[in-house]
Amino acid sequence: MLKGKHIILGITGSIAAYKAAMLCRILVKEGAEVRVIMTPLAKQFITPLTMATLSKHPILVEFFNPENGEWNSHVSLGEWADMLLIAPATANTLAKMTTGIADNLLLTTYLSARSKVAVAPAMDLDMYAHITTQNNLQTLRERGVEVIEPGAGELASGLIGKGRMAEPEEIVEQVKAIFAKECRKSLIGKRYIVTAGATIEPIDPVRYITNHSTGKMGYAIAEELAQRGAEVKLISGRTTLPTPTGVQRIDVLTAEDMYNAAVEAWQMADGGVMCAAVADYTPMSVADHKLKKSDDDMSIALRRTKDIAKELGATKGCRTLVGFALETDNEEANAEGKLQRKNFDLVVLNSLQDAGAGFRGDTNKVTLIDRDGHEEHPLMSKREVAAIIVDKIEKISK
Ligand code: C5P
């Protein structure tokens, strides 16, 4: 996928620069040709020798080589590149990118680049959360720069929060997705709805019933559909994920809210993907005060929720509807049953018995079941699974 792609890897002065070595190695391994530009401060974090060895080219830092006066042309570098990937991108570099300050080779190359530009921010949580940084990132997004979101976790400062540069493997996945989206806009004019995440069924003002769904699979599908040009409404239960670029997100809480939002959006849709983990039961009544404990056991009366997928299936006509099945036993037979019962065109079966599949993780192992048969796939990233599901949707809808 990255074979022959010209990538300029820009490295700025962040402790996360050590991850740029692995990033460079993976890009080269995937077939990309990589030229590295470092800011002067980046050299303090990772040596030019390391990056030159991994990228197989001398590192560029200055406008010219002081030894022989050779000029490093930012203009021709910018023309050469298929992508300028700045990873890690510091708050300082992001700020300069938004204002047009061009006081190093990386920034002048950014201003000259005609290629796609992607940034992977890395900084301390307060710097990341600062309104200035957030505004700068928003400005860059609006100008078409792809922002590869940082992760949350322990930071070099010892603080815990969001700001840690995305892992190299994740960045490479996103680089591939950016290239893929460039060359295929096969779903322009199509409208899709996607349900994702977990619903929350309140018991009282404090407690609720929910499940382990993170929404990652549904969000990846919404992103894939949008990248291929579709208009996407993402009806989302609880998740901590950012809204994918170009997707309209509708936040809901309960199964009932999700049902109402989905049924309404379905009226104008060409297809739907039911990825949400919807509660099958909800408390009969929600207490308006916090339930007090007593020494006795207690039980909560539950009633069935409405099946969103079934309702959409019943009014499907010739549109395409995809559902998910997460089974622990009799997997394929149960999934096939769902194909019939809910009038799905495609059921994506993920089994909890497969390591790396199902909830929480970034990978999934699926079997696609449609009326023509079964298609088993190996373990892959949820982003890749999203691509094969959308490929299938395109095939079915033809
Ligand atoms: O019947 P089961 O819940 O196992 O079916 C799973 C599929 O049905 C998933 O695609 C899920 O999003 C969808 N579903 C739904 N509304 C419900 C329950 C499940 O849309 N109330």
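It should be emphasised that the depicted structure is a prediction, and the values quoted were computed from it without experimental measurement.

**Points about the overall build of the chain**
Across its full length, the chain holds 13 helices and 21 strands. Computed over the C-alpha atoms, the radius of gyration of the chain is 24 Å, within 12% of the 21 Å expected from 2.2 N^0.38 for a compact globule of 398 residues. Each principal axis of the C-alpha atoms in the chain carries an extent, and together these give about 80 × 55 × 35 Å. Buried residues in the chain amount to 50% of all 398 residues.

**Some remarks on the layout of surface pockets**
Approximately 1,600 Å³ is the volume attributed to the largest pocket. In terms of lining residues, the largest pocket is bounded by 45 residues, among which E149, E170, Q174, L241 and P242 are the most central. Mapped onto the lining of the largest pocket, the elements with two or more residues apiece are strand 5 (146–147), strand 6 (151–154), strand 7 (160–164), helix 8 (168–183), helix 9 (216–227) and helix 13 (382–397). Top contributing element to the lining of the largest pocket by residue count: helix 8, with 7 residues. Of the residues that constitute the lining of the largest pocket, the class distribution is 15 nonpolar, 13 polar and 17 charged. Composition of the lining of the largest pocket by domain shows at least three residues from each of domain 1 (6–182) and domain 2 (191–397).

**Considering the pattern of salt bridges**
One pass over the structure, following the stated rule, counts 21 salt bridges. In this structure, K96 and D103 form a salt bridge, with 3.0 Å as the shortest nitrogen-oxygen distance. Among the residues examined, K96 registers a relative accessible area of 15% and is labelled buried. Assessed through its relative accessible area of 46%, D103 is described here as partly exposed.

**Side note on the sheet that holds strand 16 (residues 320–327)**
The sheet built from 8 strands is open, its strands ordered 12-11-8-13-16-17-19-20 with mixed pairing. Here the strands that pair on one side only, and so sit at the sheet edges, are strand 12 (247–251) and strand 20 (373–376). Pairwise comparison of adjacent strand axes, ignoring direction, gives a mean angle of 20° for this sheet. Pairing of strand 11 (residues 231–236) with strand 12, which is carried by 5 bridges, proceeds in the parallel orientation. Across the sheet, residue S236 finds its bridge partner in strand 12, namely D251.

**Considering the domain arrangement of the chain**
Domain assignment breaks the chain into domain 1 (6–182) and domain 2 (191–397). Using C-alpha coordinates to define each centre, domain 1 is positioned 36 Å away from domain 2. At the interface, 4 residues of domain 1 touch 5 residues of domain 2. Across the interface of domain 1 and domain 2, roughly 470 Å² is buried in total on both sides, 53% from carbon and sulfur atoms. Interface area lost by domain 1 to domain 2 is led by E173, A177 and K181, which between them contribute 70%. Here the residues of the side of domain 1 that touches domain 2 sort into 1 nonpolar, no polar and 3 charged.

**A closer look at the packing of aromatic side chains**
Applying the stated rule across the entire model yields 1 aromatic pair. Ring centres of F63 and W71 lie 6.4 Å apart, and the angle between their planes is 20°; on these two criteria the pair is classed as stacked. Note on W71: relative accessible area 52%, which makes it exposed. Just above the ring of Y281 sits the side chain of R304; from NZ or CZ to the centre is 5.4 Å.

**Re the site of the ligand**
Not every one of the 13 residues close to the ligand is listed here, only the nearest: M274, A276, A309, F324 and K338. The backbone of M274 places a nitrogen or oxygen atom 2.6 Å from an oxygen atom of the ligand. The separation between an oxygen atom of the ligand and a polar main-chain atom of A309 is 2.9 Å. Here the ligand is seated within the second largest pocket. Elements represented by at least two residues in the shell around the ligand include exactly helix 11 (308–314) and strand 16. Across the shell around the ligand, the residue classes tally to 7 nonpolar, 1 polar and 5 charged.

**Regarding the sheet that holds strand 2 (residues 33–38)**
Paired through backbone hydrogen bonds, the strands of a sheet run either parallel or antiparallel to each other. Here 5 strands make up an open sheet; going across it, the order is 2-1-3-4-5 and the pairing parallel. Both edges of this open sheet fall to strand 2 and strand 5, since each of them pairs with a single strand only. Of the strand pairs in this sheet, strand 3 (residues 83–89) and strand 4 (residues 116–121) are connected by 5 bridges, and their pairing is parallel. Directly across from L84, in strand 4, lies its bridge partner V117.

**Details of the pairing of strand 17 (residues 346–351)**
Most of strand 17 sits inside the fold, with 6 of its 6 residues counted as buried. Bridging between strand 16 and strand 17 involves 6 bridges; their strand directions are parallel. Across the sheet, residue F324 finds its bridge partner in strand 17, namely V348. Direction of pairing for strand 17 relative to strand 19 (residues 366–370): antiparallel, over a ladder of 5 bridges.

About the criteria used
Position numbers for residues start from 1 in each chain and track the written sequence from start to end. With pLDDT at 70 or above as the cut-off, local features in this predicted model cover only qualifying residues; side-chain atom pairs require 80 or more to be listed or tallied, and sums for whole chains, interfaces and linings still use all residues. Think of the side-chain values as coming from all heavy atoms in the structure, minus any hydrogens and water. Numbered from the N terminus, helices here are DSSP runs of H or I no shorter than four residues, and strands are runs of E no shorter than two. The size measure is the radius of gyration over C-alpha atoms, and the globule rule it meets is 2.2 Å times the number of residues to the 0.38 power. Exposed residues in this analysis have more than 50% of their type's maximum accessible area, buried residues have under 20%, and partly exposed residues fall in between, with area computed by a 1.4 Å probe over protein chains only. Cavities and pockets were defined on a 1 Å grid built over protein atoms only: a cavity is a set of grid points that admits a 1.4 Å probe from which the probe cannot escape, a pocket is an open set flanked by protein on both sides within 12 Å along at least five of seven lines, and lining residues are those with an atom within 4 Å of any such point. Grid points are joined across faces, edges and corners, and a volume is the space filled by probe spheres set on the points. Polarity classes work like this: nonpolar for Ala, Val, Leu, Ile, Met, Phe, Trp, Tyr, Cys and Pro, charged for Asp, Glu, Lys and Arg, and polar for all others, with Gly in that last group. Domain boundaries shown here were taken from an automatic or database domain assignment. Salt bridge criterion: a side-chain nitrogen from Lys or Arg within 4 Å of a carboxyl oxygen from Asp or Glu. Think of it this way: DSSP has to see at least two bridges between two strands before they count as a pair. To obtain an axis, a line is fitted to C-alpha atoms, over the contacting stretch when the element is a helix, and the angle between two such axes runs from 0 to 180 degrees between their N-to-C directions. Contacts between residues were defined by any pair of non-hydrogen atoms, one from each residue, lying within 4.5 Å. Put simply, buried area is how much 1.4 Å-probe accessible surface two parts lose in total, over both of them, once they are put together. Ring pairs shown here join Phe, Tyr and Trp side chains whose ring centres sit within 6.5 Å, with only the six-membered ring taken for Trp; geometry is labelled stacked below 30 degrees between planes, edge-to-face above 60, and tilted in between. Whether a charge sits over a ring depends on NZ of Lys or CZ of Arg being within 6 Å of the ring centre and within 35 degrees of the ring normal. The rule for a residue being near a molecule or strand is that one of its heavy atoms must lie within 4 Å of it. In protein, a polar contact requires one atom able to donate a hydrogen and another able to accept it; more generally it is a pair of N or O atoms within 3.5 Å, and residues adjacent in sequence count only if both atoms are side-chain atoms. Think of it this way: if more than half of a molecule's atoms are within 2 Å of a pocket's grid points, that molecule is in the pocket or cavity.

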